[in-house]
Amino acid sequence: MKLTKLLSAVLMVGALAITGMTGLSVVHAADKPQMMVSDAWARERPAAIKVGGVFATLHNMGGEADTLVAASSPAAEKVEIHNVSMTDGVMKMFEVEGVEIPAGETVEFKPGSYHVMLMGLKQPLAKGSTFPLTLEFAKAGKIDVTVEVKEAGAMEMKEHKHH
């Protein structure tokens, strides 16, 4: 039992050291799974465009699955969790109630897939700026992250061609 607590403490100190150096967000509690959010970013958006997407990598370092159930940000009037599907050559975006992150797994929010949708942007998303986003998990609770705004063409979704 003492070895388990010691190992957990050592891993947490290592994770916190990484967090300080790379801008990761980590939540840990003895009775909750560990969740880490890294590389949170959004594409720049001019004032005329009132919607935007946030992309990030969600790491579940705990022993049980957890689910992202909500998101919020002062940068937008409304924030939802979305996914994208392709039906008959038409891409459709839709809201999802949650995204499960299995124990010990990583789920990537990326263009053309899961993302956090910002609606009613309160100001332009300018390249190089940042804004806060809170992700809420069913078990781990709320995690505050800083989203970096990148140029409009950043991480474009790969084009799929069908023969």
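Residues numbered from 1 in each chain as written. Predicted model: local features only at pLDDT ≥ 70, side-chain atom pairs only at ≥ 80, totals over all residues. Heavy atoms only, no water.

A. Geometry of the layout of surface pockets. Volume-wise, the largest pocket comes out at about 240 Å³. Arg 43, Arg 45, Phe 55, Met 93 and His 115 are, among the 15 residues lining the largest pocket, the residues nearest its centre. When contributions to the lining of the largest pocket are tallied by element, the ones reaching two or more residues are β3 (51-60), β6 (90-95) and β9 (115-121). With four residues, the single largest contributor to the lining of the largest pocket is β3. (1 Å grid on protein atoms, 1.4 Å probe; cavity = no way out; pocket = protein on both sides within 12 Å on 5 of 7 lines; lining within 4 Å. Points joined across faces, edges and corners; volume = space filled by probe spheres on them. Helix = DSSP H or I, 4+ residues; strand = E, 2+ residues; numbered from the N terminus.)

B. Region of the structure containing the packing of aromatic side chains. Under the counting rule described, the total for this entry stands at two aromatic pairs. Measuring from ring centre to ring centre gives 4.7 Å for Trp 41 and Phe 55, while their planes differ by 40°; the resulting arrangement is tilted. Placement of Trp 41 in strand β2 (residues 32-43) and of Phe 55 in strand β3 is noted, with a sequence separation of 14 residues between them. For Phe 55, a relative accessible area of 5% translates into the label buried. (Phe/Tyr/Trp six-rings, centres within 6.5 Å; stacked < 30°, edge-to-face > 60°. Buried < 20%, exposed > 50% of the residue type's maximum accessible area, 1.4 Å probe, protein only.)

C. Seen up close, unusual backbone geometry. Phi is positive for Asp 39, which is not a glycine, with a value near 55°. Within the secondary structure, Asp 39 sits in strand β2. When its relative accessible area of 58% is taken as the criterion, Asp 39 is described as exposed. If you check the backbone angles, Asp 88 has positive phi at about 50° while not being a glycine.

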